[in-house]
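A look at the structure
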Amino acid sequence: MERKGRFSQWLRRPRGGSGADADPAGAGGSREDLLLAAAGAGFPLAPAAHPAGYRCSCERVGCPTPARHPLSFGWQTQATTDPERVTRWLHTQPDANFITATGINHDVLDVPVDAGRHALERLGAAGVEVGPVATCSPDRMLFFTATRGTPDDEDEWWPCELDCHPETMDEHPGLRWHCRGSYVLVPPARLPGDGHVGWLLGPERPLPDPLTLLETLTDACALFASEDPEHETAAWPIGR
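Residues numbered from 1 in each chain as written. Predicted model: local features only at pLDDT ≥ 70, side-chain atom pairs only at ≥ 80, totals over all residues. Heavy atoms only, no water.

A word on the nonpolar core
Nonpolar side chains tend toward joint burial in soluble globular proteins. By size, the foremost hydrophobic cluster in this structure holds 28 residues, and its most contacted members are Leu45, Phe98, Ile99, Phe144, Leu185, Val186 and Val197. For this core, the secondary structure elements donating two or more residues are helix 3 (31-40), strand 1 (45-48), helix 5 (83-92), strand 4 (97-101), strand 6 (133-136), strand 7 (140-145), strand 9 (183-185) and strand 11 (196-201). If near-sequence neighbours (up to four positions away) are discounted, isoleucine 99 is found in contact with Pro44, Leu45, Ala46, Ala48, Arg68, Pro70, Trp75, Tyr183, Val184, Leu185 and Val186. Counting 21 residues, the second largest nonpolar core, distinct from the first, contains Phe143, Trp177, Cys179 and Leu201. (Core = buried A, V, L, I, M, F, W, Y, C linked by side-chain atoms within 4.5 Å. Buried < 20%, exposed > 50% of the residue type's maximum accessible area, 1.4 Å probe, protein only. Helix = DSSP H or I, 4+ residues; strand = E, 2+ residues; numbered from the N terminus. Contact = heavy atoms within 4.5 Å.)

Some thoughts on the sheet that holds strand 9
Sheet strands line up and pair through hydrogen bonds in the backbone, either parallel or antiparallel. On the basis of which strands lie adjacent, the open sheet formed by three strands has the order 1-4-9 and antiparallel pairing. The strands lining the two open edges of the sheet, one partner per strand, are strand 1 and strand 9. For this sheet the average axis-to-axis angle between neighbouring strands, irrespective of direction, equals 35°. Where strand 1 and strand 4 come together, four bridges link them in antiparallel fashion. Paired with alanine 46 across the two strands is isoleucine 99, which belongs to strand 4. Where helix 5 meets the sheet, its contacts fall on strand 1 and strand 4, and the angle it forms with strand 1 comes to roughly 10°. (Pairing = 2+ DSSP bridges. Axes fitted to C-alpha atoms, helices over the stretch in contact; angles between N-to-C directions.)

Observations concerning the side chain of threonine 87
If you trace the backbone, threonine 87 turns up in helix 5. Here the side chain of threonine 87 touches proline 83 through a polar contact of 2.8 Å, landing on its backbone oxygen. Those residues in contact with threonine 87, other than ones at most four positions away along the chain, are Glu32 and Leu36. (Polar contact = N/O pair within 3.5 Å; in protein donor to acceptor, adjacent residues only side chain to side chain.)

Comments concerning the packing of aromatic side chains
Aromatic ring pairs are described here by two measures, namely the spacing of the ring centres and the angle between the planes. A full pass over the atoms with the stated rule returns five aromatic pairs. Where phenylalanine 43 meets tryptophan 199, the ring centres are 6.3 Å apart and the plane angle is 45°; that geometry is what we call tilted. In this pair, phenylalanine 43 sits in the loop between helix 3 and strand 1 while tryptophan 199 sits in strand 11, placing the two residues 156 residues apart along the sequence. Side by side, phenylalanine 43 and tryptophan 199 carry an identical accessibility label, which is buried. Residues tryptophan 75 and tyrosine 183 carry aromatic rings whose centres are separated by 4.9 Å and whose planes lie at 75° to one another, so their mutual orientation is edge-to-face. Taken together, the residues tryptophan 75 in helix 4 (residues 75-78) and tyrosine 183 in strand 9 connect sequence positions 108 residues apart. Per residue, the accessibility class of tryptophan 75 equals that of tyrosine 183, and both read buried. Chaining the aromatic ring pairs together yields one cluster made of Phe43, Phe144 and Trp199. (Phe/Tyr/Trp six-rings, centres within 6.5 Å; stacked < 30°, edge-to-face > 60°.)

Given below as structure tokens:
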């Protein structure tokens, strides 16, 4: 019961992070501190676009992912945990958001925020430890996990495009498994309008095996999809 109460406190606190019970990495520290903490936790970072009013800084007409995509087409090789390089980007591109490349040191299970909150309550009640968790307002929650990596047998994995590609994620309103070949925004990040990405549970937490969370997250997504028929979970593979 005590553990469940702790999760309830985390879920009730403001998304920006404040108060005595707030997670240290999500509640305080400068933008530079938070991004360097993510890099120090092993999350490979690369600069991303940022909001320009209600548009994307890339100025692409009809940008499908405004302020959510990398600046460089070479983001997979550019992504790094080197603090000096991250600090240099922060100083030379002060408005940039940052993405973290998945499938290298970590994966991300990306779910609707209501499903994520429900899953956190269930996992807390069951005593299951979760790793870093971020909210991507207004509608998504990101669960950072250990990566599936690159097994010796190439048939044992598939790139993220077989689940969803970053530019087609609106077609997959349910659970998305960001693995090799994908990325997510890393907190703190700003989105057009009042949107933002912030830590609910910070990056210093150990990364869990994704399979310890997958069943609960899948059940939660199915539950909320059944309550909202306009947002049914797409039928596609999510794990092996």
